[in-house]
Amino acid sequence: MKSKKLLVFAILALLISSILTGCSKSTTSTSSKSSNNSSTPGAQPMTIATDDGSPTFQENWNPFSVNARKGVAWMYETLYYISSQTGDETPWLATSYKWNSSTDLVYTIRDGVKWNDGQPFTAKDVAFTFNMLKNFPALDSHGLWTTLESVTANGNTVDIKFSKPDTPAFTYINQIPIVPEHIWSKVDDPVQYTNIPADGKTPVATGAFELQKFTPYQYTLVPYKGYWQADKIHESQLIFPALNGADTVDMNLSQGKYDWTQAYVPDVQKTYIDKDPKNNHYWYAQSAASNIVMNLNEKPFNNVKFRQAMEYAIDTKELSAKGENGYDAPADRSGLHLPGQNDYLDQSLEAKYGYNTPSSDKALSLLKSIGYKKNSSGKLIGPDGKQVAFSIEVPTGWTDWITCTKLIKNQLAKIGIDLTVKTPEVAAWSKDLGTGSFDMSFTTGLNLYDPWFYYNLYLNSSNAHSGDKNAAGNYEGWKDPKTDQLLDQYKSVTSDADKKKIIQQLEAIMYEQVPLIPLFYNANWNQYSTKKFVGWPDAKNPYATPTFAMPDVEMIMTHLTLASK
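Remember, it's a predicted structure, so these values are computed and weren't measured experimentally.

*Asks:* Please give an account of the packing of helix H13 (residues 451-459) against helix H14 (residues 481-490) that cites residues and values.
*Replies:* Angle between the axes and distance between the axes are the two parameters that describe a pair of packed helices. Here H13 crosses H14 at 145°, and the two axes come no closer than 11 Å. Helix-helix and strand crossings are classified by hand; for H13 and H14 the assignment is left-handed. Within the contact between the two elements, H13 uses Trp-452, Tyr-455, Asn-456 and Leu-459 and H14 uses Thr-483, Asp-484, Leu-487 and Tyr-490. Residues of the contact of H13 with H14, tallied by class, amount to five nonpolar, two polar and one charged.

*Asks:* Would you mind going over empty space enclosed by the protein in detail, with residue names and values included?
*Replies:* For the structure shown, the criterion picks out four cavities of 30 Å³ or more. In this structure, the largest cavity spans a volume of roughly 70 Å³. Lining the largest cavity are 13 residues, with Ala-288, Gln-341, Leu-448, Pro-451 and Tyr-454 positioned closest to its centre. No other element matches the four residues that H13 contributes to the lining of the largest cavity. The residue inventory of the lining of the largest cavity, partitioned by class, reads nine nonpolar, three polar and one charged.

*Asks:* Give me the lowdown on the sheet that holds strand S7 (residues 148-154), citing residues and values where you can.
*Replies:* An order of S5-S6-S8-S7 is seen for the four strands of this open sheet, with the pairing classed as antiparallel. Two strands in the sheet have a free side with no partner beyond their single neighbour: strand S5 (94-101) and S7. Taking the axes of each pair of neighbouring strands and ignoring which way they run, one obtains an average angle of 15° across the sheet. Here six bridges tie S5 to strand S6 (residues 104-109), and the two strands are oriented antiparallel to one another.

*Asks:* Could you give me a rundown of helix H2 (residues 123-135), with the residues and numbers involved?
*Replies:* Its 13 residues place the ends of H2 18 Å apart at the C-alpha level, agreeing with the 18 Å of an ideal helix rising 1.5 Å per residue. For H2, the complete set of buried residues consists of Ala-123, Asp-125, Val-126, Ala-127, Phe-128, Thr-129, Phe-130, Met-132 and Leu-133. Each element contacted by the buried residues of H2 is listed here: S6, S7, strand S8 (157-162), helix H3 (169-173) and helix H4 (181-184). Of the residues that open H2, the one with a side-chain oxygen 3.1 Å from the backbone nitrogen of Lys-124 is Thr-122.

*Asks:* I'd like a description of the nonpolar core, backed by residues and values.
*Replies:* In this structure, Trp-74, Leu-79, Tyr-107, Ile-173 and Met-557 are the most contacted members of the largest nonpolar core, which totals 77 residues. Considering every element that reaches this core, the biggest residue donor is H2, with seven residues. Other than its neighbours up to four places away in sequence, Met-557 contacts Met-46, Trp-74, Phe-209, Lys-232, Ile-233, His-234, Leu-238 and Trp-260. The next biggest cluster of nonpolar side chains, apart from the first, holds 76 residues, and it includes Tyr-355, Ile-417, Leu-446 and Leu-448.

*Asks:* So what about the layout of surface pockets? Which residues, and what values?
*Replies:* Considered as a void within the structure, the second largest pocket measures approximately 480 Å³ in volume. Contributing to the lining of the second largest pocket are 21 residues, with Glu-89, Tyr-344, Tyr-449, Asp-496 and Lys-499 lying nearest its centre. Going through the elements one at a time, S5, H3 and helix H15 (496-513) are the ones with two or more residues in the lining of the second largest pocket. Residue classes in the lining of the second largest pocket are distributed as ten nonpolar, five polar and six charged.

*Asks:* Account for the packing of helix H7 (residues 304-313) against H15, with residues named and values stated.
*Replies:* Contact pair H7 / H15: the axes reach a minimum separation of 8 Å and the direction vectors enclose 95°. Between H7 and H15, the interaxial angle falls into the category roughly perpendicular. Across the interface between the two elements, Val-304, Arg-307, Gln-308 and Glu-311 of H7 pack against Met-510, Tyr-511, Glu-512 and Gln-513 of H15. Its residues assigned to classes, the contact of H7 with H15 shows three nonpolar, two polar and three charged.

*Asks:* Explain the sheet that holds strand S18 (residues 418-422) to me, and be specific about the residues and the numbers.
*Replies:* Strand order across the open sheet formed by five strands is S18-S17-S19-S14-S20, with mixed pairing between neighbours. Looking along the sheet, the strands with just one partner apiece sit at the ends: S18 and strand S20 (516-524). Direction aside, the axes of adjacent strands within the sheet are offset by 25° on average. In this sheet, strand S19 (residues 440-443) lies alongside strand S14 (residues 285-294) in antiparallel orientation, the contact comprising four bridges. Across the sheet, the residue bridging to Val-293 is Ser-441, located in S19. Helix-sheet contacts for helix H12 (residues 426-435) involve S14, strand S17 (389-393) and S19, and the interaxial angle to S19 is about 110°.

*Asks:* Let's hear about the packing of aromatic side chains: which residues, and what values?
*Replies:* Going through the model one piece at a time under the given rule, you end up with 48 aromatic pairs. Centroid distance Trp-115 to Phe-121: 5.7 Å. Interplanar angle 75°. Geometry classified as edge-to-face. As far as the burial class goes, Trp-115 and Phe-121 line up, both buried. Aromatic side chains Tyr-454 and Tyr-455 sit 5.4 Å apart centroid to centroid with 80° between the ring planes, which places their arrangement in the edge-to-face category. In this structure an aromatic cluster arises from ring pairing among Phe-57, Trp-61, Trp-74, Phe-214, Tyr-219, Phe-240, Trp-260, Tyr-528, Trp-536 and Phe-548.

*Asks:* Give a detailed account of the pairing of strand S10 (residues 218-223), specifying residues and quantitative values.
*Replies:* Among the six residues of S10, five are classified as buried, and the element is accordingly described as predominantly covered. With six bridges connecting them, strand S9 (residues 209-215) and S10 associate as antiparallel partners. Its bridge partner being in S10, Leu-211 is matched across the sheet by Leu-221. Between S9 and S10, which pair antiparallel in sequence order, lie two residues. Pairing analysis gives four bridges linking S10 to strand S11 (residues 236-241), with the strands arranged antiparallel.

The rules behind each value
- Residues numbered from 1 in each chain as written.
- Predicted model: local features only at pLDDT ≥ 70, side-chain atom pairs only at ≥ 80, totals over all residues.
- Heavy atoms only, no water.
- Axes fitted to C-alpha atoms, helices over the stretch in contact; angles between N-to-C directions.
- Helix = DSSP H or I, 4+ residues; strand = E, 2+ residues; numbered from the N terminus.
- Left-handed = near helix turned anticlockwise from the far one by under 90°.
- Contact = heavy atoms within 4.5 Å.
- Nonpolar A, V, L, I, M, F, W, Y, C, P; charged D, E, K, R; others polar.
- 1 Å grid on protein atoms, 1.4 Å probe; cavity = no way out; pocket = protein on both sides within 12 Å on 5 of 7 lines; lining within 4 Å.
- Points joined across faces, edges and corners; volume = space filled by probe spheres on them.
- Pairing = 2+ DSSP bridges.
- Expected span 1.5 Å × (residues − 1).
- Buried < 20%, exposed > 50% of the residue type's maximum accessible area, 1.4 Å probe, protein only.
- Polar contact = N/O pair within 3.5 Å; in protein donor to acceptor, adjacent residues only side chain to side chain.
- Core = buried A, V, L, I, M, F, W, Y, C linked by side-chain atoms within 4.5 Å.
- Parallel < 35°, antiparallel > 145°, perpendicular 65-115°, else oblique.
- Phe/Tyr/Trp six-rings, centres within 6.5 Å; stacked < 30°, edge-to-face > 60°.

This is the structure:
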């Protein structure tokens, strides 16, 4: 059983592989070592199952490296935290920001923060970090410097100027880990840098935790005593064991060996919750929608009425209930991540089209209007006189998605379509997506609040396959000047009202033109125990998305407290 989280990682890796893969090799540590840090006597250990050992750890604390140990998310911090669930913004290493125009963003940097080697954190560290990304483009995984013009420090402010409007870049700017200038300015090649400290030392960072001990089999972090929010951090030792396979993780989870993990568990109630109903919990926070993409360059998907018929024929509620065990809620056909993005929703579109309510009759009516008809054997016959038949691809081993495709096969059979399910290896599936070598395929979503990112990824023509260039999100090949104009226009606006007007026009394109079909919101697998720690984010208090990524980790750790005895 494989987790869709791997898919998210795979896609992200594809997006940035040309930037970092092969450029940030880690160094293998063959012996254990420890810093002078020690956990407070009596502190509770928290075992966190997130880091894949494959089978043992290689030491790498470079927060920009795809090979970095997951623990860097507990060490390094960002300027702001933006909740992908609610869009709420929390000042972090910056105390405020202001858009002077759509090309000028100014941050005020927090006073009183110190690096864990005792040096003061300043605006110059922020400016240095962003300029390091300019000087070493391999580190700029978000491509910020494609629109940045300059980043300068002046007193306690940092002025970020853009060469052209790019207000969505705000999201990515606030995901950049800030590193100390007095350390990294001496590094010849920060791309190759593994940031391994000398024995007894820890990587220099501002975050709540620092390295205590590293071995190829396990590493531990302890609280940084001088942390600027030290009063919010529980006294604990974080333990990261080297993971070796989903089966082992599931077994250890069921035996209560982990305090926090994010594994796909087919029956989490039986495997985990029932073992300790008082303390064992899960909250699978939703990310943006997983989708079906259709090859718009090929028949019959180049006909909008055929695509609209697919909207009616595919029952996403059944996919959610039977294919995803109810863990992934059906997605709104606008592509918006609801209810978090309710403020953007144009409800008149669903009222007009009603895609969220499946209907074989409506599908057949649309198909009839463009020359398709069911014969006496129940087969859908196209204008060419042949039965309509095509295939859908999902990666082998992705059992929940494969189950969904089998359900879709049955759903389309009701209107006479013969659907073949293909399950290639992940690499072959990714290649087919990139080159447009498929009929139908599954894709996944993003953990970003601003809806522009979803629409830009899947609808911007610049992300489509073209010649020798592989698709980078727009796998279906949607090419529409109006869509591109709206996506570009969005970059120039800073007011919420103006953003909403543009997003609702993109929603209209989703309903009217059906460039892709949102299926269900991808779940962030997340299991946690309240036996020793409480204050975890959940559906009632979704203050953060429960991922092991930066900066979500920073927010979660400031909310956890020791459970009362």
